[in-house]
Amino acid sequence: MLPKRHRTYSTNFEDTTLVPVLAFPRPNAECLGSKRLPTKNNLPGFATRAIHVGQEPDLETGAVTVPIYATSTYVQQELGKNKGYEYARVSNPTRDRLEKNLAALEGGVASRVFASGMAAINALCTMYKSGDHVVCGNNLYGGVPRLFNQVLAGYGMQFTYVDTSDARNVERAIQKKTRMVYVETPTNPLMALSDLVAISKVCRQKKVDLVVDNTFMSPYFQQPVALGADLVVHSTTKFLNGHSDGLGGVVVCTKPEQAEQLGFVQKAAGAILSPFECWLVLRGVKTLAVRMEQHDRSGRLVADFLTQHKKVKKVFYPGLPDHPQYELARRQMSGFGAMISFETGSLSNANKMLRKVRVCSMGESLGGVETLISHPATMTHAAQGEKGRREIGITDGMVRISVGIENVKDIIADLEQALGAL
Ligand SMILES: Cc1ncc(COP(=O)(O)O)c(C=O)c1O
């Protein structure tokens, strides 16, 4: 049964009219990260790759969707002879298809999928060793510093957190033992950007890997490999799956030896993505392009609405011309996306409005078809502590919204009535 607040809400889903004029324009289509740039080897377009790469019809039956190979093992023909599959922790045909697909979308040579975004990031870190130093953003998804500080530091890895929105901070923090720079752009929930071209230049000079978490933008709006990243990670739980019905994570590789090493980690450590969840992501990415277009269109309209609302004190969205890195956003991304944070002024204001939402669902996570609204200070960034949050500018009154693809007029009307409680 639906929670009470949903039961009492009624909406006219017949009316599909959007607010007629887009609030402000999309970024420059010529931007560096854009899927619209002609590809060197004339690859099919993004949406075509999403639907067809790794998603070829089943050879045996012609089924247009990839079968879910629900098997733990495979019959072998004789000792040392098999059809390329021995045991499902090591490999699975559904997983192979997804790994091929996601590599094609990010422009990598291969990818490896894991049981969650955190499992993917943890697997990635096993490519480094005790004594290695990592320079990372100071406003990462809260689970990442938790893994770094409370698990991996115990195995001798060292981490330095800097504001990566200035590439010079990254350069200054790199030491002799630095092996990796780890960046999320835009950040959660402050929506600060890191200049991937500038950081990758520093990394190249210093012979350090640049790892980019591309979860917020998805490969549809941002292509870190084209901008110089060595490895790209995602929580596939978010936009790639897009339907809030499965956890998952991926590491996209730019070198075959990275994929080989991570394939070994899948086999040795076993935190692989199940065939069913692989299938969910394969299903999800088929509509990634159209979903992202709608997320972006509605995101810009919601951001515009929030900037004009008298109870909203500040809006954090890279598509707003007054965002301090607006020009970088236009250069680096081909859309502004659906992630917006805004300031309500106090914990009590945030609570009052969050209790009132009806179309927006209050909860953690992002990137689903439904609009999700959350409170970073008590949810995603609670573990960071008050001091840690204050240092980077996360306030108790901050609310984060992942704009879904419901009718945007309903999302805006819902926010309007919820903000009316303040
Ligand atoms: C940017 C980002 N990276 C990684 C993760 C971790 O992903 P998962 O929850 O799938 O483990 C999250 C989760 O919210 C995230 O927002």
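What you are looking at is a predicted structure, and each value in this text was computed from that prediction instead of being measured. (Residues numbered from 1 in each chain as written. Predicted model: local features only at pLDDT ≥ 70, side-chain atom pairs only at ≥ 80, totals over all residues. Heavy atoms only, no water.)

Participant: What is the right way to read the overall build of the chain from this model?
Facilitator: Along the chain, the regular secondary structure elements total 15 helices and 12 strands. Its C-alpha atoms give the chain a radius of gyration of 22 Å, within 12% of the compact-globule value 22 Å for 422 residues. Summarising the internal contacts of the chain: among those between residues at least 6 apart in sequence, 74% fall at separations of at least 24. Taken as a whole, the chain presents about 18600 Å² of accessible surface, with 55% of it coming from carbon and sulfur. Considering the chain, the positive charge centre built from 49 side chains and the negative charge centre built from 39 side chains are found 3 Å apart. (Helix = DSSP H or I, 4+ residues; strand = E, 2+ residues; numbered from the N terminus. Rg over C-alpha atoms; globule rule 2.2 N^0.38 Å. Contact = heavy atoms within 4.5 Å. Areas by Shrake-Rupley, 256 points an atom, 1.4 Å probe, with all protein chains shown as cover. Lys, Arg positive; Asp, Glu negative; His and termini not counted. Charge placed at Lys NZ, Arg CZ, Asp CG, Glu CD.)

Participant: What am I meant to see in the environment of Ser348 here?
Facilitator: By secondary structure assignment, the location of Ser348 is in helix 13 (residues 347–356). Accessibility expressed as a relative area gives 42% for Ser348, which makes it partly exposed. Sequence separation between Ser348 and Gly397 is 49 residues; the distance between their C-alpha atoms is 7.5 Å. (Buried < 20%, exposed > 50% of the residue type's maximum accessible area, 1.4 Å probe, protein only.)

Participant: Mind showing me how you'd approach the pattern of salt bridges here?
Facilitator: One side chain can pair with another of opposite charge once the charged atoms of both are near each other. Applying the stated criterion across every chain yields a total of 14 salt bridges. Glu99 is paired through a salt bridge with Arg112; the nearest N and O atoms lie 3.3 Å apart. Of this pair, Glu99 sits in helix 3 (residues 93–106) while Arg112 sits in strand 1 (residues 110–114), and the two are 13 residues apart along the sequence. For the pair Glu99 and Arg112, a shared accessibility class is recorded, and that class is buried. (Salt bridge = Lys/Arg side-chain N within 4 Å of Asp/Glu carboxyl O.)

Participant: What is the right way to look at the confidence of the model for the chain in this model?
Facilitator: Keep in mind that low pLDDT regions are not for reading the predicted coordinates in detail. Per-residue confidence for the chain gives a mean pLDDT of 92; residues scoring 70 or more make up 90%. In this model, residues 1–22 is a region of pLDDT below 50 whose contacts with residues beyond four sequence positions or in other chains number 30 contacts. (pLDDT = per-residue confidence, 0-100.)

Participant: Please explain the pairing of strand 12 (residues 398–402) as it appears in this structure.
Facilitator: Regular strands have side chains that alternate between both faces of the sheet. The buried fraction of strand 12 amounts to 5 of the 5 residues, a majority that puts the element mostly inside the structure. Burial along strand 12 is two-sided: Met398, Arg400 and Ser402 and Val399 and Ile401, pointing in opposite directions, are all buried. One ladder, built from 5 bridges, connects strand 9 (residues 339–343) with strand 12; its direction is antiparallel. Among the inter-strand pairings, Glu343 is bridged to a residue of strand 12, identified as Met398. (Pairing = 2+ DSSP bridges.)

Participant: Just checking my understanding: could you explain the site of the ligand for this structure?
Facilitator: Around the ligand, the surrounding shell consists of Ser116, Gly117, Met118, Tyr141, Glu184, Asp213, Thr215, Ser235, Thr237, Lys238, Gly248 and Leu366. Within the side chain of Ser235, an N or O atom sits 2.8 Å from an oxygen atom of the ligand. Summarising the interface, the protein chains cover 92% of the accessible area of the ligand, which totals 390 Å² for the free molecule. Of the residues in the shell around the ligand, the class split is 3 nonpolar, 6 polar and 3 charged. (Near = heavy atom within 4 Å. Polar contact = N/O pair within 3.5 Å; in protein donor to acceptor, adjacent residues only side chain to side chain. Nonpolar A, V, L, I, M, F, W, Y, C, P; charged D, E, K, R; others polar.)

Participant: Explanation requested: the packing of aromatic side chains in the structure shown.
Facilitator: The geometry of an aromatic ring pair is captured by the separation of the ring centres together with the interplanar angle, meaning the angle of the planes. With the rule as written, the count across this model stands at 8 aromatic pairs. For the ring pair Tyr220 and Phe221, a centre distance of 5.0 Å and an interplane angle of 55° mean the geometry is tilted. Both residues of the pair, Tyr220 and Phe221, belong to the buried class. Measuring from centroid to centroid gives 6.3 Å for Phe276 and Trp279, while their planes differ by 15°, and the two rings are stacked. Within this pair, Phe276 and its partner Trp279 are both found in helix 10 (residues 275–285), separated by 3 residues, close to a single helical turn. Judged by its relative accessible area of 45%, Phe276 is partly exposed. Clustering of aromatic rings is evident, with ring pairs tying together Phe46, Tyr220 and Phe221. (Phe/Tyr/Trp six-rings, centres within 6.5 Å; stacked < 30°, edge-to-face > 60°.)

Participant: Could you clarify how one ought to interpret the packing of helix 11 (residues 288–308) against helix 15 (residues 408–419) in this entry?
Facilitator: To describe two helices that pack against each other, one gives the angle between their axes and the distance between the axes. Orientation of helix 11 relative to helix 15, taken along the N-to-C sense of each, is 25°, at an axis distance of 10 Å. In terms of axis orientation, helix 11 runs roughly parallel to helix 15. The handedness of the crossing between helix 11 and helix 15 comes out as right-handed. Residues Ser298, Leu301, Val302, Phe305 and Leu306 of helix 11 form the contact with helix 15, whose participating residues are Val408, Ile411, Ile412, Leu415, Glu416 and Leu419. Grouping the amino acids of the contact of helix 11 with helix 15 by side-chain chemistry returns 9 nonpolar, 1 polar and 1 charged. (Axes fitted to C-alpha atoms, helices over the stretch in contact; angles between N-to-C directions. Parallel < 35°, antiparallel > 145°, perpendicular 65-115°, else oblique. Left-handed = near helix turned anticlockwise from the far one by under 90°.)

Participant: What is the right way to look at the sheet that holds strand 4 (residues 178–184) in this model?
Facilitator: Strand pairs in the sheet, formed through backbone hydrogen bonds, run parallel or antiparallel to each other. Spatial strand order, 1-7-6-5-4-2-3: 7 strands in an open sheet with mixed pairing. The sheet is open, and its two borders are formed by strand 1 and strand 3 (158–162), each paired with just one other strand. If you compare each strand with its neighbour and ignore which way they point, the axes differ by 20° on average. In the sheet, strand 2 (residues 133–137) pairs with strand 4 via 4 bridges, with the strands oriented parallel. Bridge pairing in strand 4 places Val134 opposite Met180. Lying over the sheet, helix 3 contacts strand 1, strand 6 (231–235) and strand 7 (249–253), oriented at roughly 125° with respect to strand 1.

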